[in-house]
Amino acid sequence: MSEIADAHQTDHETDASDGQPMRVVVGVTGGIAAYKAVQVIRDLVLLGHHVDVVPTESALRFVGRPTFEAISRNPVRTDVFDDVAEVRHVALGQQADVIAVVPATANSMAKIAAGLSDDLLGTTILASTAPLILAPAMHTEMWLNQATQANAARLDARGVVLVGPAEGQLTGNDSGPGRLADPAEIVATILSAGRGERRRRRDAELASDLRGRRVLITAGGTREPLDPVRFIGNRSSGRQGFALAERAVARGAEVTLVAANAEVRPPEGVKLVTVSSAQQLAQACAEIAPRHDVVIMAAAVADYRPVTVAEGKIKKEQAGEELTLTFTRNPDILQDLSASRGSDQVIIGFAAETEPDDAKLLELGRAKIARKGCDYLVVNRVGWNLGFQSDENSIFVLAASGDVVSRHTGDKMSVADVILDLLAIV
């Protein structure tokens with residue numbers, strides 16, 4: 001059981017990679033802030049991403065080629081005539097998951113807005129469909145100039161993401177808007193754009209792999225009332241279940257989402273059924289599940305509920321120094337659905353455990369899937385700062401045999417895809 005809750009809790013946003021390395025092109029143009037691009041490149045490399053640095057000739061007057069090569073761990077090219085046989089001036093852009101220009105000078109912004117490609121950076125940008133991020137850095141007067149503002153508006157209208165500029169100390173005694181955004185903010189924007197591009201490409205590849213499949217997904221956390229004000233609940237926000245629903249719809253499935261007290265907006269394209277308690281969830285699933293090919297039980301369900309529910313608010317003056325509550329077990333929804341399912345129905349359960357040791361965690365999972373009788377069990381570790389109310393999750397997936405068929409750590413959208421991939425093999 002989890003804590004007695006009186007109030008709605010708030011999710012804590014985190015920035016998490018999807019667990020897969022990206023190919024990032026970092027263009028560096030000739031501004032004094034070019035030295036800060038080194039930090040951006042270093043952070044991306046340390047996070048495990050492949051970084052190709054494309055400096056302009058002017059940028060190399062601020063930071064030397066050996067520095068870029070040492071930090072990126074890749075050779076640096078600047079000329080469209082380098083590696084002509086490999087068509088490098090096109091290949092870099094075609095292979096990129098995201099392109100970022102750090103810093104983006106007023107001159108480089110004007111050239112990109114006009115579609116000029118008189119150097120390797122320009123041709124790389126034009127040859128790519130990947131997201132483009134610019135981190136402007138220049139003196140205040142240059143940033144506020146009508147021409148620069150018009151170029152920024154034109155780039156924004158084309159979907160280019162501008163990070164900054166920030167306001168602060170510039171070169172010399174100057175201060176104002178035009179300072180390069182914080183490198184950490186730039187890195188976070190690059191990763192977010194790259195994840196979105198990866199997902200877009202994956203959607204194009206998997207747009208119909210679940211077409212014709214009817215999928216029931218449960219999400220959120222049940223609440224067992226004590227009185228009209230208080231309940232026994234858990235910290236599940238519903239994010240993983242909602243991510244499963246969103247990804248299943250994107251992959252062509254017809255999705256019914258049964259949500260228990262979720263704290264996030266439901267995805268478009270699903271049939272939404274709302275419940276609160278474990279008994280309500282059990283009743284909804286019993287009615288809806290027979291009409292679906294796949295059931296994914298991602299909701300966090302209370303094992304017990306109070307035997308009695310007070311008609312009015314429980315007063316501490318009446319309860320005294322100690323409050324004694326009596327509980328009875330809730331129905332085991334996953335076990336019941338597994339026992340009554342049709343011959344072709346696939347059932348995937350979830351098991352949230354606090355065990356820190358992987359081997360012991362898997363022992364718990366194997367024991368649970370044997371009891372529940374489902375086809376797969378997604379075992380995820382939870383804790384004070386893990387799993388619940390987070391954008392990231394870490395899972396093992398067990399088959400009915402007890403074998404680990406998948407393991408993944410990443411944002412909840414990528415975890416959802418790993419789980420849905422199971423349906424391609426059954």
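The structure under discussion appears in the preceding block.
Remember, predicted model here, so these are calculated numbers, not experimental data.

A. Highlighting the environment of Gly-365. Along the chain, Gly-365 turns up in helix H13 (residues 358-372). A relative accessible area of 1% means that Gly-365 is categorised as buried. Between the alpha carbons of Gly-365 and Leu-398 there is a distance of 7.5 Å; along the sequence they are 33 residues apart. Those residues in contact with Gly-365 that lie beyond four places of it in its chain are Leu-377, Val-379 and Leu-398.

B. Spotlight on the sheet that holds strand E3 (residues 50-55). Spatial ordering of the open sheet is given by E3-E2-E4-E5-E6, a layout of 5 strands whose pairing is parallel. The open sheet terminates on both sides in strands that have one partner only, identified here as E3 and strand E6 (161-162).

C. Geometry of unusual backbone geometry. Here the bond from Val-102 into Pro-103 is cis, since omega is -10 degrees, no more than 30 degrees from zero. Positive phi outside glycine occurs at Arg-73, with the angle close to 65 degrees. In this structure, Arg-73 sits in the loop between helix H2 (65-72) and helix H3 (88-95). We note that Asn-261 has phi near 55 degrees; this positive angle belongs to a residue other than glycine.

D. Geometry of helix H10 (residues 278-288). Of the residues making up H10, those classed as buried are Ala-278, Leu-281, Ala-282, Ala-284, Cys-285 and Ile-288. Across the axial projection of H10, the buried residues extend over an arc of 165 degrees, all falling on one side. Residues of H10 that are exposed and point more than 90 degrees away from the buried face comprise Gln-283 and Ala-286. Turning to H10, the residues buried within the fold contact strand E9 (214-220), strand E10 (224-225), strand E12 (254-260), strand E13 (271-275), strand E14 (294-297) and helix H12 (333-340).

E. Representation of the nonpolar core in the model. The biggest cluster of nonpolar side chains holds 33 residues, and the ones touching the most others in it are Ile-217, Leu-244, Ile-296, Ile-348 and Ile-419. Among the elements of the structure, E9, helix H9 (239-250), E12, E14, strand E17 (346-353), strand E18 (376-381), strand E19 (392-399) and helix H14 (412-420) are those that each provide at least two residues to this core. Considering every element that reaches this core, the biggest residue donor is H14, with 6 residues. Discounting residues that sit within four places of it in the chain, Ile-419 has contacts with Leu-244, Ile-348, Phe-350, Val-378 and Ile-395.

F. Here's a closer look at the pattern of salt bridges. Taken as a whole and judged by the stated rule, the model has 15 salt bridges. Arg-214 is the partner of Asp-293 in a salt bridge, and the nearest nitrogen-oxygen pair spans 3.2 Å. In this pair, Asp-293 is assigned in the loop between H10 and E14 and Arg-214 in strand E9, connecting sequence segments 79 residues apart. A relative accessible area of 35% places Arg-214 in the partly exposed class. One salt bridge connects Asp-417 with Arg-251, and the closest N-O pair in it is separated by 2.9 Å. Separated by 166 residues along the polypeptide, Asp-417 in helix H14 and Arg-251 in the loop between H9 and E12 bring together distant segments of the chain.

G. The arrangement of the sheet that holds E13 in detail. Strand order in the open sheet formed by 8 strands is E13-E12-E9-E14-E17-E18-E19-E20, and the pairing between neighbours is mixed. Here the strands that pair on one side only, and so sit at the sheet edges, are E13 and strand E20 (404-411). Averaged over all pairs of adjacent strands, the angle between their axes in this sheet comes to 15 degrees, without regard to strand direction. On the sheet, H14 packs against E14, E17, E18, E19 and E20 and is oriented at approximately 160 degrees with respect to E20.

About the thresholds
- Residues numbered from 1 in each chain as written.
- Predicted model: local features only at pLDDT ≥ 70, side-chain atom pairs only at ≥ 80, totals over all residues.
- Heavy atoms only, no water.
- Helix = DSSP H or I, 4+ residues; strand = E, 2+ residues; numbered from the N terminus.
- Buried < 20%, exposed > 50% of the residue type's maximum accessible area, 1.4 Å probe, protein only.
- Contact = heavy atoms within 4.5 Å.
- Pairing = 2+ DSSP bridges.
- Arc of directions from axis to C-beta.
- Core = buried A, V, L, I, M, F, W, Y, C linked by side-chain atoms within 4.5 Å.
- Salt bridge = Lys/Arg side-chain N within 4 Å of Asp/Glu carboxyl O.
- Axes fitted to C-alpha atoms, helices over the stretch in contact; angles between N-to-C directions.

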